[in-house]
Amino acid sequence: MKKIIFILAAYLFIVIPGNSQADPKVSKVLNETKMKSFIDALMKKMTLEEKLGQLNLPSAGDFTTGQAQSSDIAQKIRQGKVGGLFNIKSVAKIKDVQRVAVEESRLHIPLIFGMDVIHGYETTFPIPLGLSCTWDMQLVERSARIAATEASSDGINWTFSPMVDICRDPRWGRIAEGSGEDAYLGAEVAKAMVKGYQGNDLSKNNTIMSCVKHYALYGAPDAGRDYNTVDMSHQRMYNDYFPPYKAAVDAGVGSVMASFNEVDGVPATANKWLLTDVLRKQWGFKGFVVTDYTGINEMIDHGIGDLQTASSRALDAGIDMDMVGEGLLTTTAKSLKEGKIRLTQIDAACRRILEAKYKLGLFEDPYRYCDENRAKTEVFNQQNRNEAKSIAAQSFVLLKNQNNVLPLKKTGTVALIGPLADNKENMPGTWSVATRFENATSILTGMNSLVGDKVKIVYARGSNLVYDEQLDQRAGMFGKNTGRQNRSAEEMINEALEVSKNADVIVAALGESAEMSGESSSRSDLNLPDAQKDLLKALLKTGKPVVLVLITGRPLTIPWENENVPAILNVWFGGTEAGYAIADVLFGDVNPSGKLTTTWPQNAGQVPIFYKHKNTGRPLPEGKWFEKFRSNYLDVSNDPVYPFGFGLSYTAFQYSDIKLSSGSLKGSQTLTASVTISNTGKYDGKEVVQLYIRDVVGSVTRPVKELKGFRKIDLKAGETKTVTFSITPEDLKFYNYDLKYDWEPGEFEIIIGANSRDVKKVKVNWIK
Ligand code: BGC
């Protein structure tokens, strides 16, 4: 069949040039044939140096037009020693640099322009961890689509996103950049993001190439310390950590970024098993692999050898492009001479980079993504901002709402207190590289703009972010000032109490600053910072209702707050429109519907804690919190404060028991499991209905439950809907001891609920 398509394609190519409307399979082969002959011809003209140049990805810094002409990088571009650039923003600058490449280099090969467009471009969406809490894949895809439209109109054609590292350890700051602890949900998000960025046709001027990262296992560093060693079983990799990367590959992601950490004792950047056997041979990845920032050079400190050794091992393992470090550029010719690398390996890497540029349409028009008019109208426009506001509101998670303190009434006086309450630059969150902070909205502005004269909003800062001045500095980098004041804690608290004196309700906006999570922002203490906790205690003492608006890039340990504060709304970092979105939810214009995608521990000692754990041989009996010689702690129960999947609404939902199509199944039959959900409260709302399955007996031990499906539904007040899940043996498969992906017959529990803890269960028997 392949041969026939090839002959047909060759025929069409030779006889009817330009005919690509036929069968999509044929036109795909046709396009690939065209691309191959174009690149073959180009590569024939390339010197070894020029080929290695394509593998080189320096960081541009944010140089201006004039500097671009005279910089060292410009000189390298002229010499054909640069394949792409990243960290350069605006049509004017990118056009200027591209002109150097296509007009002044010998072979006129255009550059690819990358950027960390992680959660939006100038219109900034919630941090990815927040976005995942929408459990709404259409929204996730939409956010990536808008990001791609904005970035592509401003010169960018490649984004280092999605970040899909599974993380079960909130000490790790980069948990903020991913979709939480679950592989199934993570895979759904990965797919949606890739689709959103790349669309159906990469050569369109409003789609950009996606780069899934950080391959692999970066989210599982020892002790939650960034860049630290990772060591895990292959079963855990395949079942719990690989699925989102694989989902991105299956969705056609154009590139993959290798991670900083080691895997099986070999840094991912030089891990041939990971980059070639798994990624290319098992998963069929056809795009290119880029290192992370100086990933090759860092292998010297990993103890792999000097730069030449690190570089040749990286190329040999399957790296195609070298971010920043120039190891490939400067040492590969020597390695080739010494027989450490083959020319075919250099050619393969160079070809993959050229293919990416071809697919992006850059050979046809190197300025395809540089259109001042588009940039003027499509970046940070009102429509994108409206969507960002709505998406942000749907990412918030209502953790507690005693006596329906929320939503607030649109009358009376509200005291807004907290170091982050009137701070806009922290609202976009970590990795908001393209965001203009002056465009972001603070909570105070958002509340005032929503309620106008109807509600009197009074404000006081109340405390600094933390007591420790040095920690405050570390927590306020990259222009995200924490606004530290040189006043005593007592003075600031007293001022807050004074301001709150006549208020009907106090909204305490507390938590982390944007840079307390993200890269190299691990924390060993996950409590609300001390200065803010003291403020919160003082506010509670007033006896007035207090609403804690929690701003955070990770799960925090808040058992005390959960006990003592009547209402808690977790808002993550909601992006440029966060202030407006928070106001919408606080005053009830939007009913919160987000659900956690991570487990929230009671203390850092419980970490790693996750819902999909194994049972052990000594599980704690249900309902108990300690029993000697059982798997538990002396000083804290095994329970989290909030389980995975948890989130409340202003309304209430009631679940029926599960109805099954059958209790015993055979082979490839389909089981349907239904529940009826009623909105028994006063507000219209959205509910995320979650399906978990437990494989009770296996050839290897199986988790106590695994997410296998979810549905987000709208329910009007008083309305009832039935949700039906179809389950086939595909949903029962897992990687066994021999890493064979299959299912095993026996007993299964079908588990449905509003979160991973509050569920209904039924048993079925499924034979082969
Ligand atoms: C990060 C990546 C990022 C890259 C480029 C690295 O430090 O780990 O996630 O894409 O920098 O900015």
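Residues numbered from 1 in each chain as written. Predicted model: local features only at pLDDT ≥ 70, side-chain atom pairs only at ≥ 80, totals over all residues. Heavy atoms only, no water.

Turning to the domain arrangement of the chain, a few remarks are in order. Parsing the chain into structural domains produces domain 1 (1-45), domain 2 (50-227 + 239-374), domain 3 (397-593) and domain 4 (653-767). With centres defined by C-alpha atoms, the gap from domain 1 to domain 3 works out at 58 Å. (Domains from an automatic or database assignment.)

So, on to the packing of aromatic side chains. Two numbers describe a pair of aromatic rings. These are the distance of the centres and the angle of the planes. Within this structure, the stated rule accounts for 28 aromatic pairs. Here Y184 and F710 contribute two aromatic rings whose centre-to-centre distance is 6.3 Å and whose plane-to-plane angle is 90 degrees, an arrangement assigned as edge-to-face. Of this pair, Y184 sits in helix α9 (residues 183-198) while F710 sits in strand β22 (residues 706-715), placing them 526 residues apart in sequence. Using a relative accessible area of 29% as the deciding quantity, one classes Y184 as partly exposed. With a centroid separation of 5.6 Å and an interplanar angle of 15 degrees, the aromatic rings of Y642 and F646 are classed as stacked. Take Y642 and F646: they sit in the same class, and that class is buried. Three or more aromatic residues joined by ring pairs form one cluster here, namely Y215, Y238, F242, Y245, W273, W283, Y735 and Y741. Lying across the ring of F629, K628 places its NZ or CZ 5.6 Å from the centre. (Phe/Tyr/Trp six-rings, centres within 6.5 Å; stacked < 30°, edge-to-face > 60°. Helix = DSSP H or I, 4+ residues; strand = E, 2+ residues; numbered from the N terminus. Buried < 20%, exposed > 50% of the residue type's maximum accessible area, 1.4 Å probe, protein only. Lys NZ or Arg CZ within 6 Å of the ring centre and 35° of its normal.)

Looking now at the layout of surface pockets. In this structure, the second largest pocket occupies an estimated 1,400 Å³ of space. H613, L620, N638, D639 and V704 are, among the 35 residues lining the second largest pocket, the residues nearest its centre. Among the residues forming the lining of the second largest pocket, the class breakdown is 14 nonpolar, 11 polar and 10 charged. (1 Å grid on protein atoms, 1.4 Å probe; cavity = no way out; pocket = protein on both sides within 12 Å on 5 of 7 lines; lining within 4 Å. Points joined across faces, edges and corners; volume = space filled by probe spheres on them. Nonpolar A, V, L, I, M, F, W, Y, C, P; charged D, E, K, R; others polar.)

Let us now look at empty space enclosed by the protein. Counted by the stated rule, this structure contains five cavities of 30 Å³ or more. The space that makes up the largest cavity amounts to roughly 110 Å³. As for the largest cavity, its lining consists of 13 residues, and the residues nearest its centre are Q54, I77, G80, S105 and I109. A breakdown of the residues in the lining of the largest cavity according to their chemical character gives seven nonpolar, four polar and two charged.

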